[in-house]
Amino acid sequence: MTPFLSGFMITLLFVGGVYFVAVLERCSMTGNVSWSGPARSFLLLFAQEEIKTRKHDKVFFETAPVLFIGVILLTISILPFGRGSVIIDLGTGALFINAALVYIMVSLLMAGWAVNGVYAMVGGWRALAQLIAYSMPVVMALTATVMRAESMFLTDIVESQQSLWNILYQPVGFILFYISALAIAFLPPFDLPVAEGELAGGVWADLTGARKLLFRLGRLALVLTLSVAVVVLYLGGWMGPWLPGFVWTFLKTLLVAASFFAVGHFMPRIRHDHLLEYNWKYGVPLALYNIFQVGVVLLL
């Protein structure tokens, strides 16, 4: 497949995937499937009047939403949708996923600082603490998949799962990566940085119009990107019978995204300090155990 066709197909799948994720998110909140609902919400936010707080930081106010969605678009560009269907096949693709989280943290903290509001600032610091904590299990889980593939190319990690998917080869790593993905996308019960009940929207509490729209779109794209990452790292990527590879990737991605929204209804909400404490006390040691286990299996 030529680079142009590959890029066009990935763009088409990405746009369709983001819209489907928006439908899933709306369904998880209202209980009703509305295919036109996300489009109406998009138009309403796009046409909404821009309101700026009196003492906002001009640079951060303009930069934060663009940085947030830009980093996510860069991340999706390195994830393979099929054999030969990847925009940028990085030799350090596995590490790039974790490195992108740094700029997501920065953009959320910038957004919290920019509006000079209490709720937004608290949400920004919560996001920073949460992403720092849960990026540790992510990088350790990535390390275990790289150990098996003996390569940081994401395409090689997919190819290494021909005999057995990583979800079965290293289930502890899968569970840790899955839970960390929920925290990174701040989906329930990890949605404390944008808690509607106590922070009235948190990080983007005081944003309106196009800026809020960019954050909303970025959050949907982040959910889709993390879903693709789960599929590539643990669910065999494009592997599957009969259908073309990119179709399998798309179907698996939508199932993972749907599970992200469904799981939140069955997990208890806990305090933010406990959320961080449990990860540092139990998540990080389990991630180290996963690396040790995979290493022993490889040696044997």
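What counts as what
- Residues numbered from 1 in each chain as written.
- Predicted model: local features only at pLDDT ≥ 70, side-chain atom pairs only at ≥ 80, totals over all residues.
- Heavy atoms only, no water.
- Salt bridge = Lys/Arg side-chain N within 4 Å of Asp/Glu carboxyl O.
- Buried < 20%, exposed > 50% of the residue type's maximum accessible area, 1.4 Å probe, protein only.
- Helix = DSSP H or I, 4+ residues; strand = E, 2+ residues; numbered from the N terminus.
- Phe/Tyr/Trp six-rings, centres within 6.5 Å; stacked < 30°, edge-to-face > 60°.
- Axes fitted to C-alpha atoms, helices over the stretch in contact; angles between N-to-C directions.
- Parallel < 35°, antiparallel > 145°, perpendicular 65-115°, else oblique.
- Nonpolar A, V, L, I, M, F, W, Y, C, P; charged D, E, K, R; others polar.
- 1 Å grid on protein atoms, 1.4 Å probe; cavity = no way out; pocket = protein on both sides within 12 Å on 5 of 7 lines; lining within 4 Å.
- Points joined across faces, edges and corners; volume = space filled by probe spheres on them.

1. Observations concerning the pattern of salt bridges
Under the defined criterion, the tally for this structure stands at 2 salt bridges. Residues Asp273 and Arg271 are paired through a salt bridge, measuring 2.5 Å at the closest nitrogen-oxygen approach. The exposure class of Asp273 is partly exposed, given its relative accessible area of 38%. On the basis of relative accessible area, Arg271 is assigned to the exposed category, the value being 51%. Across the salt bridge formed by Lys281 and Glu277, the nearest N and O atoms sit 2.8 Å from each other.

2. Structural notes on unusual backbone geometry
Looking along the chain, the bond that leaves Pro188 and enters Pro189 is cis, with omega of 5°. Even without being glycine, Phe186 reaches a positive phi, approximately 40°. The backbone of Trp242 shows a phi angle near 70°, a positive value even though the residue is not glycine. Its location among the elements puts Trp242 in the loop between α10 (209-234) and α11 (245-263).

3. A few points about the packing of aromatic side chains
Scanning the entire structure with this criterion turns up 7 aromatic pairs. With 5.7 Å between their ring centres and 65° between their planes, Phe174 and Tyr234 make a pair best called edge-to-face. You can see Phe174 sitting in helix α8 (residues 171-184) and its partner Tyr234 sitting in helix α10, a full 60 residues away along the chain. Measuring from ring centre to ring centre gives 5.7 Å for Phe177 and Tyr234, while their planes differ by 50°; the resulting arrangement is tilted. Separated by 57 residues along the polypeptide, Phe177 in helix α8 and Tyr234 in helix α10 bring together distant segments of the chain. On the basis of relative accessible area, Phe177 is assigned to the buried category, the value being 2%. Note on Tyr234: relative accessible area 0%, which makes it buried.

4. Here's the deal with the packing of helix α4 (residues 93-114) against helix α5 (residues 118-149)
Contact geometry of α4 with α5 gives a least axis separation of 8 Å together with a crossing angle of 180°. On the basis of the axis angle, α4 is roughly antiparallel to α5. Grouping the constituent residues of the contact of α4 with α5 by class yields 19 nonpolar, 4 polar and no charged.

5. Quick look at empty space enclosed by the protein
All chains considered together, the criterion is met by 2 cavities of 30 Å³ or more. Looking at the lining of the largest cavity, the elements that each hand over two or more residues are α3 (58-76), α4 and α10. Across the lining of the largest cavity, the residue classes tally to 7 nonpolar, 2 polar and no charged. Considering only enclosed or pocket space, the second largest cavity measures out at about 30 Å³ in volume. Lining the second largest cavity are Ile97, Leu101, Val138, Phe177, Ala181, Ile184 and Leu226. Elements with a minimum of two residues in the lining of the second largest cavity: α4 and α8. With 3 residues, the top contributor of residues to the lining of the second largest cavity is α8.

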